[in-house]
Amino acid sequence: MKKQFLAVVCILLVVFCFVFVACDSKPEPITMDQLQIPQMGNNECVVVVVNNDGTYTLCVVRIGKDVEQGASVEQVLLYLNDNTNLYLDWTSSSYGKYINGIGGAIVEESNEFVTVLTSIQSQQATGAWVKTVNIPDYGTVVSASQGVEGISVEPGCVILFMIDTY
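Calculation criteria
Residues numbered from 1 in each chain as written. Predicted model: local features only at pLDDT ≥ 70, side-chain atom pairs only at ≥ 80, totals over all residues. Heavy atoms only, no water. Helix = DSSP H or I, 4+ residues; strand = E, 2+ residues; numbered from the N terminus. Buried < 20%, exposed > 50% of the residue type's maximum accessible area, 1.4 Å probe, protein only. Polar contact = N/O pair within 3.5 Å; in protein donor to acceptor, adjacent residues only side chain to side chain. Contact = heavy atoms within 4.5 Å. Salt bridge = Lys/Arg side-chain N within 4 Å of Asp/Glu carboxyl O. Pairing = 2+ DSSP bridges. Axes fitted to C-alpha atoms, helices over the stretch in contact; angles between N-to-C directions. Arc of directions from axis to C-beta.

(A) Examining the side chain of Glu 74 more closely. Its place among the elements puts Glu 74 in helix α2 (residues 73-83). Given the relative accessible area of 17%, Glu 74 is considered buried. Engagement of the side chain of Glu 74 in a polar contact is seen with the side chain of Lys 97, the distance being 3.3 Å. Ignoring any residue separated from it by four or fewer positions in sequence, one finds Glu 74 in contact with Trp 90, Lys 97, Val 148 and Glu 149.

Below, the structure written as C-alpha coordinates:
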(Lines give C-alpha, C1' and ligand atoms only; values in the text may rest on other atoms or scores of the structure.)
Protein backbone atom coordinates (compact mmCIF):
# COMPACT_ATOMS: atom_id res chain seq x y z
CA MET A 1 0.00 0.00 0.00
CA LYS A 2 2.83 2.38 0.88
CA LYS A 3 4.56 1.69 -2.46
CA GLN A 4 1.35 2.40 -4.38
CA PHE A 5 0.90 5.69 -2.54
CA LEU A 6 4.49 6.74 -3.33
CA ALA A 7 4.02 5.76 -6.98
CA VAL A 8 0.86 7.90 -7.23
CA VAL A 9 2.61 10.85 -5.56
CA CYS A 10 5.57 10.54 -7.96
CA ILE A 11 3.25 10.43 -10.98
CA LEU A 12 1.40 13.51 -9.74
CA LEU A 13 4.70 15.37 -9.23
CA VAL A 14 5.79 14.53 -12.78
CA VAL A 15 2.45 15.71 -14.18
CA PHE A 16 2.66 18.99 -12.21
CA CYS A 17 6.21 19.56 -13.48
CA PHE A 18 5.05 19.16 -17.09
CA VAL A 19 2.15 21.54 -16.52
CA PHE A 20 4.38 24.24 -15.03
CA VAL A 21 7.00 23.87 -17.78
CA ALA A 22 4.28 24.16 -20.42
CA CYS A 23 3.07 27.40 -18.83
CA ASP A 24 6.52 28.93 -19.31
CA SER A 25 6.37 28.93 -23.11
CA LYS A 26 6.59 32.23 -24.95
CA PRO A 27 3.56 33.69 -26.71
CA GLU A 28 3.39 33.07 -30.45
CA PRO A 29 4.88 35.85 -32.60
CA ILE A 30 2.34 38.21 -34.15
CA THR A 31 2.61 39.17 -37.81
CA MET A 32 1.22 42.55 -38.82
CA ASP A 33 0.66 42.02 -42.54
CA GLN A 34 -0.98 45.39 -43.13
CA LEU A 35 1.77 47.42 -41.46
CA GLN A 36 4.08 49.12 -43.94
CA ILE A 37 7.11 50.87 -42.48
CA PRO A 38 8.05 53.89 -44.60
CA GLN A 39 11.49 54.14 -46.15
CA MET A 40 13.68 55.83 -43.56
CA GLY A 41 16.47 58.29 -44.20
CA ASN A 42 19.92 57.96 -42.66
CA ASN A 43 18.96 59.57 -39.35
CA GLU A 44 15.31 58.64 -39.00
CA CYS A 45 13.34 56.25 -36.85
CA VAL A 46 9.67 55.34 -36.83
CA VAL A 47 7.21 55.27 -33.95
CA VAL A 48 4.25 52.96 -34.61
CA VAL A 49 1.05 52.89 -32.57
CA VAL A 50 -1.39 50.02 -33.01
CA ASN A 51 -4.70 51.78 -32.41
CA ASN A 52 -7.60 50.09 -30.61
CA ASP A 53 -9.51 49.82 -33.90
CA GLY A 54 -6.65 47.87 -35.55
CA THR A 55 -5.32 50.75 -37.64
CA TYR A 56 -1.81 52.11 -37.33
CA THR A 57 -0.42 55.55 -36.60
CA LEU A 58 3.14 56.06 -37.88
CA CYS A 59 5.41 58.99 -37.00
CA VAL A 60 8.83 59.47 -38.54
CA VAL A 61 11.30 61.23 -36.24
CA ARG A 62 14.58 62.77 -37.42
CA ILE A 63 17.41 62.04 -35.03
CA GLY A 64 19.73 65.01 -34.66
CA LYS A 65 17.01 67.39 -35.87
CA ASP A 66 13.71 66.60 -34.11
CA VAL A 67 15.42 64.93 -31.14
CA GLU A 68 19.04 64.72 -30.04
CA GLN A 69 21.31 61.81 -30.88
CA GLY A 70 20.83 59.17 -28.16
CA ALA A 71 17.39 60.51 -27.18
CA SER A 72 15.20 58.33 -25.00
CA VAL A 73 11.82 57.14 -26.23
CA GLU A 74 10.32 59.42 -23.56
CA GLN A 75 11.97 62.43 -25.26
CA VAL A 76 10.68 61.25 -28.65
CA LEU A 77 7.14 60.97 -27.28
CA LEU A 78 7.33 64.44 -25.75
CA TYR A 79 8.50 65.82 -29.11
CA LEU A 80 5.65 64.07 -30.95
CA ASN A 81 3.08 65.22 -28.40
CA ASP A 82 4.26 68.83 -28.73
CA ASN A 83 4.71 68.92 -32.53
CA THR A 84 2.11 66.54 -33.97
CA ASN A 85 -1.42 65.50 -33.14
CA LEU A 86 -0.22 62.30 -31.38
CA TYR A 87 -2.25 61.90 -28.18
CA LEU A 88 -0.18 61.03 -25.10
CA ASP A 89 -1.39 60.31 -21.57
CA TRP A 90 0.90 58.80 -18.95
CA THR A 91 1.25 58.58 -15.21
CA SER A 92 4.55 58.79 -13.38
CA SER A 93 5.24 56.14 -10.77
CA SER A 94 8.19 54.84 -8.80
CA TYR A 95 8.61 52.25 -11.58
CA GLY A 96 8.66 54.88 -14.34
CA LYS A 97 6.04 56.13 -16.78
CA TYR A 98 2.83 54.11 -17.10
CA ILE A 99 1.26 54.91 -20.47
CA ASN A 100 -2.53 55.19 -20.24
CA GLY A 101 -2.92 56.08 -23.90
CA ILE A 102 -0.88 56.95 -26.95
CA GLY A 103 -2.41 57.84 -30.29
CA GLY A 104 -5.43 55.58 -30.67
CA ALA A 105 -4.10 52.94 -28.26
CA ILE A 106 -6.10 53.71 -25.14
CA VAL A 107 -6.25 51.50 -22.04
CA GLU A 108 -9.95 50.71 -21.53
CA GLU A 109 -10.03 47.65 -19.24
CA SER A 110 -8.39 47.02 -15.87
CA ASN A 111 -6.31 44.12 -17.27
CA GLU A 112 -4.91 46.16 -20.18
CA PHE A 113 -1.68 48.11 -20.51
CA VAL A 114 0.32 49.77 -23.26
CA THR A 115 3.40 47.73 -24.06
CA VAL A 116 6.54 49.02 -25.77
CA LEU A 117 8.45 46.99 -28.36
CA THR A 118 11.75 47.89 -30.02
CA SER A 119 13.79 46.73 -32.97
CA ILE A 120 17.09 47.51 -31.19
CA GLN A 121 18.39 44.10 -30.10
CA SER A 122 20.44 45.39 -27.17
CA GLN A 123 17.26 46.90 -25.65
CA GLN A 124 15.02 43.85 -26.09
CA ALA A 125 13.79 41.81 -23.13
CA THR A 126 14.07 38.08 -22.68
CA GLY A 127 11.74 35.73 -20.86
CA ALA A 128 8.47 33.88 -21.20
CA TRP A 129 6.38 37.08 -21.21
CA VAL A 130 8.19 38.67 -24.17
CA LYS A 131 6.03 39.64 -27.14
CA THR A 132 7.43 39.47 -30.68
CA VAL A 133 5.88 41.22 -33.68
CA ASN A 134 6.95 40.44 -37.25
CA ILE A 135 6.69 43.37 -39.65
CA PRO A 136 6.86 42.29 -43.32
CA ASP A 137 9.65 43.93 -45.32
CA TYR A 138 11.21 45.25 -42.10
CA GLY A 139 11.91 42.56 -39.48
CA THR A 140 10.86 42.08 -35.89
CA VAL A 141 10.24 44.21 -32.85
CA VAL A 142 10.40 42.66 -29.38
CA SER A 143 9.23 43.76 -25.93
CA ALA A 144 11.57 46.41 -24.56
CA SER A 145 13.74 45.55 -21.59
CA GLN A 146 12.91 48.88 -19.90
CA GLY A 147 10.31 51.62 -20.00
CA VAL A 148 10.27 54.67 -22.26
CA GLU A 149 12.71 56.51 -19.99
CA GLY A 150 15.34 53.77 -20.19
CA ILE A 151 15.36 52.87 -23.87
CA SER A 152 16.65 55.06 -26.66
CA VAL A 153 16.23 55.44 -30.39
CA GLU A 154 18.81 55.09 -33.11
CA PRO A 155 18.69 55.55 -36.88
CA GLY A 156 16.58 52.92 -38.62
CA CYS A 157 14.83 51.64 -35.50
CA VAL A 158 11.13 51.03 -34.98
CA ILE A 159 9.45 51.62 -31.63
CA LEU A 160 5.99 50.06 -31.46
CA PHE A 161 3.22 50.67 -28.91
CA MET A 162 0.22 48.42 -28.54
CA ILE A 163 -2.39 47.34 -26.02
CA ASP A 164 -1.61 44.09 -24.22
CA THR A 165 -3.33 42.24 -21.38
CA TYR A 166 -2.27 40.47 -18.22
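(B) Geometry of the pattern of salt bridges. One pass over the structure, following the stated rule, counts 4 salt bridges. Asp 66 serves as the salt-bridge partner of Arg 62, at 2.6 Å between the closest nitrogen and oxygen. Since its relative accessible area comes to 35%, Arg 62 is described here as partly exposed. Here Asp 66 falls in the buried class, since its relative accessible area comes to 15%. Where Glu 149 meets Lys 97, a salt bridge forms, and the shortest distance between an N and an O atom there is 3.9 Å.

(C) Geometry of the sheet that holds strand β3 (residues 56-62). Spatial ordering of the open sheet is given by β1-β8-β9-β7-β10-β2-β3, a layout of 7 strands whose pairing is mixed. Among the strands making up the open sheet, the edge pair consists of β1 (30-31) and β3. Where α2 meets the sheet, its contacts fall on β2 (44-50), β3 and β10 (158-165), and the angle it forms with β3 comes to roughly 105°.

(D) Examining α2 more closely. Turning to α2, its buried residues are Val 73, Glu 74, Val 76, Leu 77 and Leu 80. Down the axis of α2, the sector holding all buried residues measures 160°, keeping them to one side. Structurally, α2 contributes buried residues whose contacts are with β2, β3, β4 (88-93), β5 (96-102) and β10.

That is the geometry; function is a separate question.
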